[in-house]
Amino acid sequence: MRSGIIVIVLAVVAVVGYLSVYVVNPTQQALVLRFGQITEAPKTEPGLYFKIPFVQNVVYLDKRILNLNMPPLEPISSDKKRLIVDAFARYRISDPVLFYQRVQNVLTANRRLSTLLQSSLRSEVGRTSFVALVRDDRSGVMENIRRDVSANAEELGIEVIDVKIRRADLPDANSQAIYARMQTERQREATEIRAQGEEQSRRIRSRADRDATVIEAEANRDAEIIRGDGDAERNRIFAEAFGADPEFFAFYRSMQAYEAGLQSGDTSLVLSPDSSFFRFFKDPTGVNAPAGSGDDGGTGISTRSPSLAAQ
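Residues numbered from 1 in each chain as written. Predicted model: local features only at pLDDT ≥ 70, side-chain atom pairs only at ≥ 80, totals over all residues. Heavy atoms only, no water.

1. A look at the overall build of the chain
Thinking step 1. Assigned secondary structure in the chain consists of eight helices and eight strands.
Thinking step 2. Counting across all 311 residues of the chain, residues that qualify as buried make up 30%.
Thinking step 3. In the structure as shown, the chain presents an accessible area of about 20,400 Å², 55% of it carried by carbon and sulfur atoms. (Helix = DSSP H or I, 4+ residues; strand = E, 2+ residues; numbered from the N terminus. Buried < 20%, exposed > 50% of the residue type's maximum accessible area, 1.4 Å probe, protein only. Areas by Shrake-Rupley, 256 points an atom, 1.4 Å probe, with all protein chains shown as cover.)

2. With respect to the sheet that holds strand E3 (residues 37-38)
Thinking step 1. Taken in spatial order, the three strands make up an open sheet running E3-E2-E5, and their pairing is antiparallel. The outermost strands of the open sheet, each flanked by one partner alone, are E3 and strand E5 (56-62).
Thinking step 2. Note that strand E2 (residues 28-34) and E3 share two bridges and pair antiparallel. Counted as the bridge partner of Arg34 is Gln37 from E3. (Pairing = 2+ DSSP bridges.)

3. Some thoughts on helix H3 (residues 106-126)
Thinking step 1. Look at H3: 30 Å from first C-alpha to last across 21 residues, which is about the 30 Å you get at 1.5 Å a residue.
Thinking step 2. Turning to H3, its buried residues number three or more, namely Ala109, Asn110, Leu113, Ser114, Leu117, Ser120, Leu121, Glu124 and Val125. Projected down its long axis, H3 shows its buried positions confined to an angular sector of 150°, all on one face. In H3, those exposed residues whose orientation departs by more than 90 degrees from the buried face are Arg111 and Thr115.
Thinking step 3. At its buried positions, H3 is contacted by strand E6 (66-69), strand E7 (84-93), helix H2 (96-102), helix H4 (130-136), helix H5 (138-153) and strand E8 (158-169).
Thinking step 4. Capping the start of H3, Asn105 holds a side-chain oxygen 3.3 Å from the backbone nitrogen of Leu107, two or three residues further along. (Expected span 1.5 Å × (residues − 1). Arc of directions from axis to C-beta. Contact = heavy atoms within 4.5 Å. Polar contact = N/O pair within 3.5 Å; in protein donor to acceptor, adjacent residues only side chain to side chain.)

4. So, the side chain of Ser120
Thinking step 1. As for its position among the elements, Ser120 is in helix H3.
Thinking step 2. Sequence-distant contacts of Ser120, that is, excluding residues within four places in its chain, are made with Ile145, Asp148 and Val149.

5. What about H5?
Thinking step 1. The end-to-end C-alpha distance of H5, which contains 16 residues, comes to 22 Å, matching closely the 22 Å that a straight helix rising 1.5 Å per residue would cover.
Thinking step 2. Among the residues of H5, those classed as buried are Gly140, Val141, Met142, Ile145, Arg146, Val149, Ser150 and Ala153.
Thinking step 3. Among the structural elements, H3, H4 and E8 are those in contact with the buried residues of H5.

6. What to know about the pairing of E6
Thinking step 1. Burial of E6 is one-sided: the residues Leu66 and Leu68 facing one way are buried, the residues Asn67 and Asn69 facing the other way are not.
Thinking step 2. In terms of strand pairing, E6 meets E7 through four bridges, oriented antiparallel. From the neighbouring strand, Leu68 faces E7, where its bridge partner is Ala89.

7. Notes on the nonpolar core
The nonpolar side chains of a soluble globular protein tend to be buried, and buried together.
Thinking step 1. If you look at the biggest cluster of nonpolar residues, it comprises 37 residues, and the most contacted ones within it are Leu113, Ile145, Ile158 and Ile165.
Thinking step 2. The contacts of Ile165, once residues within four sequence positions are left out, are Val85, Asp86, Ala87, Leu133, Arg138, Val141, Met142 and Ile145. (Core = buried A, V, L, I, M, F, W, Y, C linked by side-chain atoms within 4.5 Å.)

8. Here's the deal with the confidence of the model for the chain
Thinking step 1. Per-residue confidence for the chain gives a mean pLDDT of 79, with 81% of residues at or over 70.
Thinking step 2. Counted against residues more than four places away or in other chains, residues 290-311, with its pLDDT under 50, gives 34 contacts. (pLDDT = per-residue confidence, 0-100.)

9. Concerning the sheet that holds E8
Thinking step 1. Spatially, three strands are ordered E6-E7-E8 in an open sheet, and the strand pairing comes out antiparallel. In the strand order of this sheet, the two ends are held by E6 and E8, each with one partner. Strand-to-strand twist across the sheet, computed as the mean angle between neighbouring axes with direction ignored, equals 20°.
Thinking step 2. Helix-sheet contacts for H3 involve E6, E7 and E8, and the interaxial angle to E7 is about 135°. (Axes fitted to C-alpha atoms, helices over the stretch in contact; angles between N-to-C directions.)

10. Observations regarding the environment of Asp148
Thinking step 1. Inspection of the secondary structure assignment puts Asp148 in helix H5.
Thinking step 2. Residues Asp148 and Val160, spaced 12 residues apart in sequence, show a C-alpha to C-alpha distance of 9.7 Å.
Thinking step 3. At 2.8 Å, the side chain of Asp148 and the side chain of Ser120 are in polar contact.

11. Regarding the pattern of salt bridges
Thinking step 1. The full count for this structure, using the stated rule, is 21 salt bridges.
Thinking step 2. Among the ionic pairs, Asp162 bridges to Arg90, the shortest N-O distance being 3.6 Å. In this pair, Asp162 sits in strand E8 while Arg90 sits in strand E7, placing the two residues 72 residues apart along the sequence.
Thinking step 3. For Asp162, a relative accessible area of 17% puts it in the buried group. (Salt bridge = Lys/Arg side-chain N within 4 Å of Asp/Glu carboxyl O.)

12. Structural notes on a nonpolar patch on the surface
Thinking step 1. There is a patch of nonpolar side chains on the surface, built from Phe248, Phe251, Tyr252 and Met255 and spanning about 360 Å² of accessible area.
Thinking step 2. Among the structural elements, Phe248 can be located in helix H7 (residues 246-261). (Patch = residues over 30% accessible without salt bridge, like charges linked within 9 Å, V, L, I, M, F, W, Y side chains within 5 Å.)

13. Let's talk about unusual backbone geometry
Thinking step 1. Within the chain, Lys80 stands out as a residue other than glycine whose phi angle is a positive 65°.
Thinking step 2. By relative accessible area, which is 72% here, Lys80 ends up exposed.
Thinking step 3. Phi angles above zero are rare outside glycine, and Gln104 is one such case at about 70°.
Thinking step 4. With respect to the helices and strands, Gln104 occurs in the loop between H2 and H3.
Thinking step 5. On the accessibility criterion, Gln104 (46% relative accessible area) is partly exposed.

Below you can see the structure in the form of structure tokens.
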């Protein structure tokens, strides 16, 4: 009888001892409740703790970062385009006491956060254009949504870590119309750019042709000036040579006439052997010229003028 009582007492002590302790894991934080009221500071460090059995109970809350997935929404952007937006959020319980008092568990918290996130997302997308959301300022839009949701979630003891938009697209029917319009706009821009390039090309060619004409005219002018200067210089040299030695000049001019007149070709000359044209053949000095040869030595070149026109 006595041993049975001892066994019962030991069993009761063991049960009471088991119910008096609780363990907090590294991924958890615990709240100790007494008749539904929080009586102690939350236990956020892992370890073994004690409580009053049958009077106090323990509620465990997750200390890790939690995910909140949302169903796709169809908000309207600022440029009146209906979009399909798929977003999610990550959060953690920053104030266990406030969290338990306001929402008590994660399921209720997810429903409250989902409502806040949907409202903030619709509002922010309504202030943003489709291009900015998809390409230009997507990160800025997500940060604005995070700040807005985080400000409201603080009242629930929740800290919103991040808000991400997985996808932001047009519905399939709208996408085809948008793509067709974008293609038409790109073709119009390409045609306009080609027209501008062709106009610029014609302008460049016209300027190049004008510059080439001016350069060629100036070159011809300079060439004529140089040629005229050369002719004048040649006449001056001939005149000086004629003045220095008229006899040598007559001989030189006769040699030029022989070179020009006695070349092979189809031209035939009918001359008398006694012609003054051949006077340097009979006499190298040209002194014994045939009668009637005149003072030009029979070359047709006047000895009184430096002109070369009668070559």
